[in-house]
Amino acid sequence: MPVDNCVEFGWQDLETRGFLYHSHLTTGMHVVVNAAMSADGKLSSRRREQIAISGEADFERVDRLRADSDAVVVGVGTVLADDPHLIVKDDTLRAQRRENDRPANPARVVVDSSGRTPTDAAILDDAATTYVCLSEAASVERRAALAGRAELVTAGDERVDLLRAFATLQEQGLEQVMVEGGGELIFSLFDAGLVDELRVFIGPKIIGGRDAPTLADGEGFVTEFPSLDLESVDRLDDGVVLTWCVADR
Ligand SMILES: NC(=O)c1ccc[n+]([C@@H]2O[C@H](COP(=O)([O-])OP(=O)(O)OC[C@H]3O[C@@H](n4cnc5c(N)ncnc54)[C@H](O)[C@@H]3O)[C@@H](O)[C@H]2O)c1
Ligand SMILES: Nc1nc(=O)c(N)c(NC[C@H](O)[C@H](O)[C@H](O)COP(=O)(O)O)[nH]1
């Protein structure tokens, strides 16, 4: 039975089982949003400092999902707050990728309209290819600063046009895409109809704070809301991982 727009198995399983799946994009890209959320729905504190919400087992799950992916995507807000590296941490998983003729690490993608990604950001090191998705608002100076460190994708006038940017990434062969956050980017991806699957680890913390980032920030939906089909609930560490398919709009 073809898996409609949602992967019930790991990526390799999907390929070996020959299941067909379709994505919200015109052809093969499959976008999985994966985040860790406190019991009260926050991604970090109001100070936007990184807070460990995942336990050891969930961090390992995230590492496996990265290893299964062609690209890991974050917004520049996350780069500025956490200076993430976004590589596969487990040596065996990296070796398996190389054995499968894949780069040791998935590509890294930053959604960053004006090119605010610092040139000394960990995400720009040589551990993996990095794409910086800019809009036309990015200055010549910022483009020149980033050009030597990353592949530049330009889409959109003010904010990054996510549909066009993701279509360009797909042309680069990036089909299995994992989005780690943050809340602004996750909302925009849902708003653009680009999300196929949502996996959330809900961890044993209360963070609170009316200004703390949540799973989906941005403008918010007011009349029509993305609909989710629950695929699985798995207990992990002292929390749970919920996996939803995003229903076609
Ligand atoms: N717990 C988790 O799983 C997790 C994961 C990632 C980030 N975080 C946290 O989230 C916070 C950062 O999230 P955030 O919401 O501030 O920033 P973000 O990472 O979502 O980046 C948003 C920024 O991306 C840029 N952008 C360009 N085009 C855009 C578009 N079309 N749509 C949306 N953004 C666009 C804008 O500058 C925007 O401000 C940090 O505190 C970080 O620690 C938590
Ligand atoms: N899965 C997950 N559990 C958490 O408890 C937590 N705080 C994050 N937060 C995501 C983090 O803010 C960055 O997006 C990168 O996940 C960091 O990546 P590196 O470890 O530097 O590769 N993510």
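Throughout this description, residue numbers start from 1 for each chain and increase along the sequence as written. Chain letters start at A and ligand numbers start at 1, both assigned in the order the entries are written. The predicted nature of this model means local features are confined to residues of pLDDT at least 70 and side-chain atom pairs, given and counted, to a pLDDT of 80 or more, with totals for whole chains, interfaces and linings taken over all residues. No hydrogens and no water enter the side-chain calculation; it runs on all heavy atoms of the structure.

Thoughts on the UniProt feature "domain: Bacterial bifunctional deaminase-reductase C-terminal" (unreviewed entry) in the protein
Annotation from UniProt places "domain: Bacterial bifunctional deaminase-reductase C-terminal" (unreviewed entry) at residues 30-242. Taken end to end, residues 30-242 is 26% helix and 25% strand, and its two terminal C-alpha atoms sit 18 Å from one another. UniProt positions are given in the numbering used here, feature names are shortened, and annotations may be inferred rather than shown by experiment. Each helix corresponds to a stretch of at least 4 residues labelled H or I by DSSP, and each strand to a stretch of at least 2 residues labelled E; elements are numbered beginning at the N terminus.

Description of the pattern of salt bridges
Salt bridges are defined as contacts in which a side-chain nitrogen from Lys or Arg sits within 4 Å of a carboxyl oxygen from Asp or Glu. This structure, assessed with the given rule, holds 7 salt bridges. With its nearest N and O atoms 3.7 Å apart, the salt bridge here joins arginine 159 to glutamate 184. Placement of the pair is arginine 159 in the loop between strand E5 (151-154) and helix H6 (162-171) and glutamate 184 in helix H7 (residues 183-191), with a sequence separation of 25 residues. Assessed through its relative accessible area of 55%, arginine 159 is described here as exposed. A salt bridge links arginine 199 to glutamate 197; the shortest N-O distance between them is 2.7 Å. We note that arginine 199, like glutamate 197, is buried. Accessibility here uses a 1.4 Å probe with only protein chains present; expressed as a share of the type maximum, an area under 20% marks a residue as buried, one over 50% as exposed, and anything in between as partly exposed.

Digging into the site of ligand 1
Around ligand 1 sit 25 residues, and of these Ala36, Ser44, Thr78, Glu180 and Ser188 come closest. Pairing of N or O atoms within 3.5 Å defines a polar contact, subject to two protein rules: one partner must be a possible hydrogen donor and the other a possible acceptor, and residues neighboring in sequence count only if both atoms are side-chain atoms. Note that a nitrogen atom of ligand 1 is positioned 3.4 Å from one of the side-chain N or O atoms of serine 113. One nitrogen or oxygen atom from the main chain of leucine 185 is found 3.0 Å from an oxygen atom belonging to ligand 1. Accessible areas in this description were obtained via Shrake-Rupley with a 1.4 Å probe; residue shielding takes into account the shown protein chains only. In the complex, 88% of the free accessible area of ligand 1, which totals 860 Å², lies under the protein chains. Sort the elements by how many residues they give to the shell around ligand 1 and helix H3 (residues 76-82) lands first, with 5 residues. Grouping the amino acids of the shell around ligand 1 by side-chain chemistry returns 10 nonpolar, 9 polar and 6 charged. Whether a residue is near a molecule or strand is decided by its heavy atoms; if any one of them lies within 4 Å of it, the residue is near. Three categories are distinguished: nonpolar for Ala, Val, Leu, Ile, Met, Phe, Trp, Tyr, Cys and Pro, charged for Asp, Glu, Lys and Arg, and polar for the others, with Gly belonging to the last.

Concerning the pairing of strand E3 (residues 107-111)
A regular strand carries its side chains on alternate faces of the sheet. Extensive coverage of E3 is indicated by the burial of 5 of its 5 residues. Of the two faces of E3, the one carrying Ala107, Val109 and Val111 and the one carrying Arg108 and Val110 are both buried. Paired strands are those between which DSSP finds at least two bridges. In this sheet, strand E4 (residues 130-134) lies alongside E3 in parallel orientation, the contact comprising 4 bridges. Counterpart to arginine 108 in the pairing with E4 is threonine 130.

A closer look at the pairing of strand E2 (residues 71-75)
Across the 5 residues that make up E2, a large majority, 5, are buried. Burial of E2 is two-sided: the residues Ala71, Val73 and Gly75 facing one way and the residues Val72 and Val74 facing the other way are all buried. Pairing geometry for E2 and E3, over 5 bridges, is parallel. Across the sheet, the residue bridging to valine 72 is arginine 108, located in E3. In this structure, E2 lies alongside strand E6 (residues 176-181), joined through 4 bridges in parallel fashion. Paired with valine 72 across the bridge in E6 is methionine 178.

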